[in-house]
Amino acid sequence: VDPASEQRRRVLRAIGERLLQARRVVLVTHVNADGDGIGSQAAVAAWLEGRGIETNVVNPTRVPDSLRFLLHRPDLVFDGSPEDAAALIRSADLVLVLDTSEPKRVGALATALDAGRTLVIDHHPPGPEVVGDLALQDTSAAAAGELVYDLIALFEDEIPSPSALGIYVALVSDTGSFRFSNTTPRVHQIAAELLAGGIDPELVFQRLFAILPRRRLELLREALSALDHDPDHGITWIVVPREVVSRLELTSEDFEGLVDHARSLEGTRVAILFRETADGGTKVSLRSSGEADVNRVARRFGGGGHPRAAGADLPAAAGVAVEQVVAGVRAELARGR
Ligand code: 5GP
Ligand code: MN
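Rules used in this analysis
- Residues numbered from 1 in each chain as written.
- Chains lettered and ligands numbered in written order.
- Predicted model: local features only at pLDDT ≥ 70, side-chain atom pairs only at ≥ 80, totals over all residues.
- Heavy atoms only, no water.
- Helix = DSSP H or I, 4+ residues; strand = E, 2+ residues; numbered from the N terminus.
- Rg over C-alpha atoms; globule rule 2.2 N^0.38 Å.
- Buried < 20%, exposed > 50% of the residue type's maximum accessible area, 1.4 Å probe, protein only.
- Contact = heavy atoms within 4.5 Å.
- Areas by Shrake-Rupley, 256 points an atom, 1.4 Å probe, with all protein chains shown as cover.
- Lys, Arg positive; Asp, Glu negative; His and termini not counted.
- Charge placed at Lys NZ, Arg CZ, Asp CG, Glu CD.
- Core = buried A, V, L, I, M, F, W, Y, C linked by side-chain atoms within 4.5 Å.
- Pairing = 2+ DSSP bridges.
- Expected span 1.5 Å × (residues − 1).
- Arc of directions from axis to C-beta.
- Phe/Tyr/Trp six-rings, centres within 6.5 Å; stacked < 30°, edge-to-face > 60°.
- Lys NZ or Arg CZ within 6 Å of the ring centre and 35° of its normal.

Peer 1: I'd like a rundown of the overall build of the protein, residues and numbers included.
Peer 2: If you tally the helices and strands in the protein, you get twelve helices and eleven strands. A compact globule built from 337 residues should have a C-alpha radius of gyration of about 20 Å, and the protein, at 20 Å, falls within 12% of that. Along the three orthogonal principal directions, the C-alpha set of the protein runs to about 55 × 45 × 40 Å. Residue burial in the protein is summarised as follows: out of 337 residues, 50% are buried. Taking the intrachain contacts of the protein between residues at least 6 apart in sequence as the baseline, contacts between residues at least 24 apart amount to 65%. As presented, the protein carries roughly 14900 Å² of accessible surface, and 50% of it is formed by carbon and sulfur atoms. Within the protein, one finds 36 positive and 48 negative side-chain charges whose respective centroids are separated by 2 Å.

Peer 1: Kindly report on the nonpolar core, identifying the contributing residues and their values.
Peer 2: The biggest cluster of nonpolar side chains holds 54 residues, and the ones touching the most others in it are I15, L19, L96 and I167. When near neighbours in sequence (up to four residues on either side) are disregarded, I15 contacts L96, L119, V120, I121, L134 and L136.

Peer 1: Describe the sheet that holds strand 7 (residues 235–240), listing the residues and the values that go with them.
Peer 2: If you walk across this open sheet you meet the six strands as 6-7-8-9-11-10, and the pairing is mixed. Single-partner strands in this sheet number two, and they are strand 6 (228–230) and strand 10 (304–305). Sheet topology note: the strand 9 (residues 282–288)/strand 11 (residues 309–314) ladder contains six bridges and is antiparallel. In the sheet register, T282 faces strand 11, and the bridge partner there is L314.

Peer 1: Before we move on, can you summarise helix 12 (residues 318–335) with the specific residues and values?
Peer 2: The first and last C-alpha atoms of helix 12 sit 25 Å apart over 18 residues, in line with the 26 Å expected at 1.5 Å per residue. Within helix 12, burial applies to A318, A321, V322, V325, V326, G328, V329, E332 and L333. Taken end-on, helix 12 shows its buried residues confined to a sector of 160 degrees, consistent with a single buried face. Every exposed residue of helix 12 that faces more than 90 degrees away from the buried side is listed here: G319, E323 and R335. As for helix 12, its buried residues are in contact with strand 7, strand 8 (270–276), strand 9, helix 11 (294–300) and strand 11.

Peer 1: Please give an account of the packing of aromatic side chains that cites residues and values.
Peer 2: A full pass over the atoms with the stated rule returns three aromatic pairs. With 5.7 Å between their ring centres and 40 degrees between their planes, W47 and F155 make a pair best called tilted. On the criterion of sequence distance, the pair formed by W47 in helix 2 (residues 35–50) and F155 in helix 4 (residues 144–155) is long-range, its members being 108 residues apart. A relative accessible area of 2% means that W47 is categorised as buried. Judged by its relative accessible area of 22%, F155 is partly exposed. Note on Y168 and F178: the rings are 6.0 Å apart at their centroids and 50 degrees apart in plane angle, and the pair reads as tilted. Remark: F178 occurs in the loop between helix 5 (161–174) and helix 6 (185–196) and Y168 occurs in helix 5; sequence separation between them is ten residues. The exposure class of Y168 is buried, given its relative accessible area of 6%. Directly above the ring of F69 sits R207, whose terminal nitrogen or CZ lies 4.4 Å from the centroid. It is R275 that lies over the ring of F255; its NZ or CZ is 4.6 Å from the centre.

Take a look at the structure:
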């Protein structure tokens, strides 16, 4: 595998040395964790536990059942109350935050993190505030999992096999199965090494994409029947109202990948998913074909992400959210020409 940049290795060496001196480490990722967040946590957990360091996974929202197979020991996941989660964080020697660096993205856990004991490994463009005082924020990485690969490779001749699975899933998840523009030659080199070490790509495909609960197909039916399109600007969107979320008993992991159906409509430059949440607000997911910077749009609504994939939580019902966000996207598209 091509070496990582000197800057990346320097920060990762400092982070790794601190981790290896700890006795108890807590790993945190962002709300509604995806395959990159959980895969990165699983990979670091297996590595540290192999080195005799007690490790726990403590997240602001529940670890999706569909991703628990990544953990080499399922009991590493803390599933208790937010108060107990904060206590666990406060009693750890160190906390490593993965796949985000923003206090807003770690929800209720943010107040329990003190910067001096908090390290960050992230690949998002930096937001207004960083949760730790030793942070790698490297937007040239395809996934946080790529940075975790580099971290472990600095200290081990071979990536331990439960870590390899987490890293592979992180790469698959954030590159859209090696299709998006972040799929660099280096991503393929890392994937090749992981496959040579025994990762079964078809098994990962089965677990992540091939077998879905019935409610997800019913959600897809609802979503496609609600598809909306602005042909003049190339904006396509889907609205999923509260009524559908509660009737189908949907959780946030059920929405993974749904916005890509909107993106696939011919002529789409920006695709948006609006999903109403229990608190009366609307969760928005934005995807860009590359012309528009949707991170800029999301930031205007208090969210963020990457230039081509971003999100925000709006404190408004879907009707209002659609009006505001579609207008924001039109303005961003106009800016780009
Ligand atoms: P998704 O639309 O799949 O939830 O997220 C796409 C990207 O945007 C991910 O990189 C995710 O971390 C980021 N993102 C999604 N929602 C938010 C949000 O509310 N705030 C911020 N800062 N980033 C978000
Ligand atoms: Mn990521």
